[in-house]
Amino acid sequence: MRSVVLRVSQKLKKSNLKFLIPVALLFFLDRMTKEYFLSHFGQGESVPVWGKWLCFTLVFNKGAAFGSWQNKNLFLTILSGVILIALLFLLFRSTFHDILSLAGILLIISGAFGNLYD
């Protein structure tokens with residue numbers, strides 16, 4: 001029984017560890033863009049990217065999506081950690097048959113790492 005578990009865990013490590021590379025790259029990209037905007041723009045400052053249709057605006061949000069749960073840092077940290085662990089478990093235990101599902105999971109994991117870092 002132990003050798004079966006060992007073989008399965010080794011197979012999981014070999015096949016899915018490669019997914020941590022895009023997670024690390026996305027996390028690094030997230031950090032670099034945040035640092036760039038923090039050092040080059042002031043609060044509320046906008047930069048047009050595509051006319052009036054798309055602008056980057058520096059805004060600080062101390063809560064969750066759309067400003068909900070403002071200043072609930074402990075709760076949001078615990079929630080992000082639990083979701084991150086669940087998604088990592090899913091990533092390492094599942095087989096993804098389509099690239100969109102895998103990309104979505106990797107983007108969410110990268111975002112969760114970024115949020116926990118912040």
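Residues numbered from 1 in each chain as written. Predicted model: local features only at pLDDT ≥ 70, side-chain atom pairs only at ≥ 80, totals over all residues. Heavy atoms only, no water.

(A) Spatial organisation of the pairing of strand β1 (residues 46-50). In this structure, β1 lies alongside strand β2 (residues 54-57), joined through 4 bridges in antiparallel fashion. Across the sheet, residue Pro48 finds its bridge partner in β2, namely Cys55. Between β1 and β2, which follow one another and run antiparallel, lie 3 residues, and Gly51 among them has a positive phi close to 60°. (Pairing = 2+ DSSP bridges. Helix = DSSP H or I, 4+ residues; strand = E, 2+ residues; numbered from the N terminus.)

(B) Structural context of the nonpolar core. Formed by Phe19, Val23, Leu84, Leu87, Leu91, Leu102, Ile105, Leu106, Ile109 and Ala112, the largest nonpolar core amounts to 10 residues. Within the residue set of this core, elements represented by two or more residues are α3 (73-93) and α4 (99-117). At 5 residues, the largest contribution of residues to this core is made by α4. (Core = buried A, V, L, I, M, F, W, Y, C linked by side-chain atoms within 4.5 Å. Buried < 20%, exposed > 50% of the residue type's maximum accessible area, 1.4 Å probe, protein only.)

(C) Quick look at the layout of surface pockets. Approximately 1,000 Å³ is the volume found for the largest pocket. Together, 27 residues line the largest pocket, and Lys34, Asn61, Gly63, Asn115 and Asp118 are the ones closest to its centre. If you list the elements that add at least two residues to the lining of the largest pocket, you get α2 (20-40), β2, α3 and α4. Considering every element that reaches the lining of the largest pocket, the biggest residue donor is α3, with 6 residues. Partitioned by chemical class, the residues of the lining of the largest pocket number 14 nonpolar, 9 polar and 4 charged. (1 Å grid on protein atoms, 1.4 Å probe; cavity = no way out; pocket = protein on both sides within 12 Å on 5 of 7 lines; lining within 4 Å. Points joined across faces, edges and corners; volume = space filled by probe spheres on them. Nonpolar A, V, L, I, M, F, W, Y, C, P; charged D, E, K, R; others polar.)

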